[in-house]
Every structure is written in structure tokens, then in C-alpha cells.
Amino acid sequence: MEITKKIFWTEAMKGGTVIGLVAAALQLTRASFGLGTWMSIVSLAVFILLTYGFTRRTAGMADARDGFPYPRCMGFVLAMMLFTGVIFGFAAALINNFLIPDAIAEAIDSQMASMQNLLPEAQFDAVYDATYSAMFNPLVLVVCYVIGYLVQGGVIGLFTSALAQRQPAPFSGSDANDNTPHE
């Protein structure tokens with residue numbers, strides 16, 4: 001089947017939504033239970049596997065004549081990351097504002113405590129207020145996570161696209177399997 005723009009973006013939306021929801025669930029689990037580094041490694045592994053799986057699945061849908069070469073795979077990964085960033089950003093806004101606001105405030109306080117002696121008081125107060133409001137602002141979180149997932153997905157996509165790509169086979173198809181003599 002030919003991968004049209006509609007199919008491309010529909011599959012990118014499906015993959016990005018699943019990856020975003022799974023990443024948000026893992027982040028919520030990690031933050032709620034205070035799980036450390038090992039949970040971050042598990043999250044990264046799941047992210048890589050999902051990115052590869054959705055890219056490979058879409059590449060497998062492509063017509064053998066057209067294939068789904070490396071640049072198309074990278075484009076697909078980046079398209080998925082747009083959706084992943086939006087979903088994760090909204091989920092992070094919900095998590096930060098309603099589920100664990102005290103933990104987020106405590107994390108901001110501990111981060112800012114290390115900067116307290118580095119900045120003048122007026123500057124410190126401005127940075128503190130900006131950081132605090134950014135961590136609870138849905139628009140800021142969505143934009144930050146879209147950019148973050150484009151970078152992270154782009155790096156991961158460099159490798160997963162090499163594995164998931166499907167090279168075009170211009171001589172395959174119904175004519176290649178036709179054994180009748182042509183005159």
C-alpha cells in the first residue's frame with residue numbers, strides 16, 4: 001500500500017499518542033513512588049522499543065516498490081515526537097497541577113536553593129517565580145516537551161530508523177511474479 005500523507009500522519013498520531021501516554025504513566029509512577037535511576041532506564045528502554053515498533057510497523061505497511069527509506073523513517077519518528085510532546089506536555093500539566101503539586105513545589109525549592117547564593121536577591125526572586133509558574137503552565141510545558149521530544153526522538157530515531165527502514169524494490173510487484181511470456 002502506498003503511504004499517503006493521511007496514512008503517514010494518522011500512524012504518527014497513533015504512535016505519538018501511545019508513546020506520550022506510556023511515558024506520562026511511567027513519569028507519574030516514578031514521581032509518585034520516588035523511584036530513581038532504574039525507572040528512568042526502564043522508561044528510556046520502553047521509549048526506544050515503542051519508537052522502533054511504530055516505525056517498523058509503518059515501514060512494513062509501505063508498498064515494496066516505494067519502500068520506506070531512512071529519510072522517511074526519520075520524518076515519521078519526528079512526526080510521532082510532535083504528538084508525543086503534546087500528549088506528554090498536557091499530561092505533565094495535569095500531573096503537576098492536580099496529582100503531585102507538592103512534590104513539584106518541593107523539587108523547585110530544592111533546585112532553587114542551590115542557586116540562591118549565585119544570584120542577587122531580586123534576580124533570584126524573578127527566576128524562582130518564572131520557574132514556579134512555568135512548571136504549572138500547560139502551554140509552557142507542551143512547548144518544552146515538544147522541543148525536548150523532538151531532540152530526544154531525533155537522536156533515538158537516528159538508530160531506530162536505520163533498523164526499521166525498508167529499501168525500495170522497484171522491480172517487485174505483480175509484474176515481477178508474472179510468468180507468462182511477454183511479446
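J.: Explain the overall build of the protein here, please?
T.: Across its full length, the protein carries six helices and zero strands. In sequence order, the protein lays out its α and β elements as α-α-α-α-α-α. When contacts within the protein are restricted to residue pairs at least 6 apart in sequence, long-range pairs at least 24 apart make up 82% of them. For the protein, the accessible area works out to roughly 10,800 Å², and carbon and sulfur atoms hold 67% of it. Considering the protein, the positive charge centre built from 9 side chains and the negative charge centre built from 13 side chains are found 12 Å apart.

J.: I would appreciate a short explanation of the packing of helix α3 (residues 70-99) against helix α6 (residues 138-164) in the present structure.
T.: The angle between the axes and the distance between the axes are what describe a pair of packed helices. In the contact formed by α3 and α6, the axes pass within 6 Å of each other and the chain directions differ by 145 degrees. The chirality of how α3 crosses α6 is right-handed. Of the residues that constitute the contact of α3 with α6, the class distribution is 22 nonpolar, nine polar and no charged.

J.: Mind showing me how you'd approach helix α4 (residues 101-113) here?
T.: A rise of 1.5 Å per residue sets the reference length of α4, with its 13 residues, at 18 Å; its end C-alpha atoms lie 18 Å apart and thus fit the reference within 8%. Buried within α4 we find I104, A105, I108 and M112. An end-on view of α4 places all buried positions within 100 degrees of arc, on one side of the element. Opposite the packed face of α4, turned more than 90 degrees from it, sit the exposed residues D102 and E106.

J.: How should I be thinking about the side chain of T55 in this particular structure?
T.: Within the secondary structure layout, T55 lies in helix α2 (residues 37-61). Given the relative accessible area of 0%, T55 is considered buried.

J.: What is the right way to read a nonpolar patch on the surface from this model?
T.: Judged by side-chain polarity, L139, V143, I147, V151, V155, L158 and F159 come together as a nonpolar surface patch covering roughly 700 Å² of accessible area. Inspection of the secondary structure assignment puts I147 in helix α6.

J.: Is there a simple way to think about the environment of K14 in this case?
T.: Tracing the backbone shows K14 in helix α1 (residues 5-33). As a C-alpha pair, K14 and G85 span 71 residues in sequence and 13 Å in three-dimensional space. For K14, the side chain forms a polar contact with the side chain of E11, separated by 3.3 Å.

J.: How should the packing of aromatic side chains be read in this particular structure?
T.: Any pair of aromatic rings gets described here by the distance separating the centres and the angle formed by the planes. Scanning all chains against the criterion turns up ten aromatic pairs. For the ring pair F88 and Y149, a centre distance of 5.6 Å and an interplane angle of 65 degrees mean the geometry is edge-to-face. With F88 in helix α3 and Y149 in helix α6, this pair connects stretches of sequence that are 61 residues apart. Centroid distance Y132 to F136: 5.0 Å. Interplanar angle 50 degrees. Geometry classified as tilted. Y132 gets classed as partly exposed once you look at its relative accessible area, which sits at 34%. Among the aromatic side chains, those forming a connected cluster through ring pairs are F8, W9, F68, F76 and F83.

Definitions and cut-offs
Residues numbered from 1 in each chain as written. Predicted model: local features only at pLDDT ≥ 70, side-chain atom pairs only at ≥ 80, totals over all residues. Heavy atoms only, no water. Helix = DSSP H or I, 4+ residues; strand = E, 2+ residues; numbered from the N terminus. Contact = heavy atoms within 4.5 Å. Areas by Shrake-Rupley, 256 points an atom, 1.4 Å probe, with all protein chains shown as cover. Lys, Arg positive; Asp, Glu negative; His and termini not counted. Charge placed at Lys NZ, Arg CZ, Asp CG, Glu CD. Axes fitted to C-alpha atoms, helices over the stretch in contact; angles between N-to-C directions. Left-handed = near helix turned anticlockwise from the far one by under 90°. Nonpolar A, V, L, I, M, F, W, Y, C, P; charged D, E, K, R; others polar. Expected span 1.5 Å × (residues − 1). Buried < 20%, exposed > 50% of the residue type's maximum accessible area, 1.4 Å probe, protein only. Arc of directions from axis to C-beta. Patch = residues over 30% accessible without salt bridge, like charges linked within 9 Å, V, L, I, M, F, W, Y side chains within 5 Å. Salt bridge = Lys/Arg side-chain N within 4 Å of Asp/Glu carboxyl O. Polar contact = N/O pair within 3.5 Å; in protein donor to acceptor, adjacent residues only side chain to side chain. Phe/Tyr/Trp six-rings, centres within 6.5 Å; stacked < 30°, edge-to-face > 60°.

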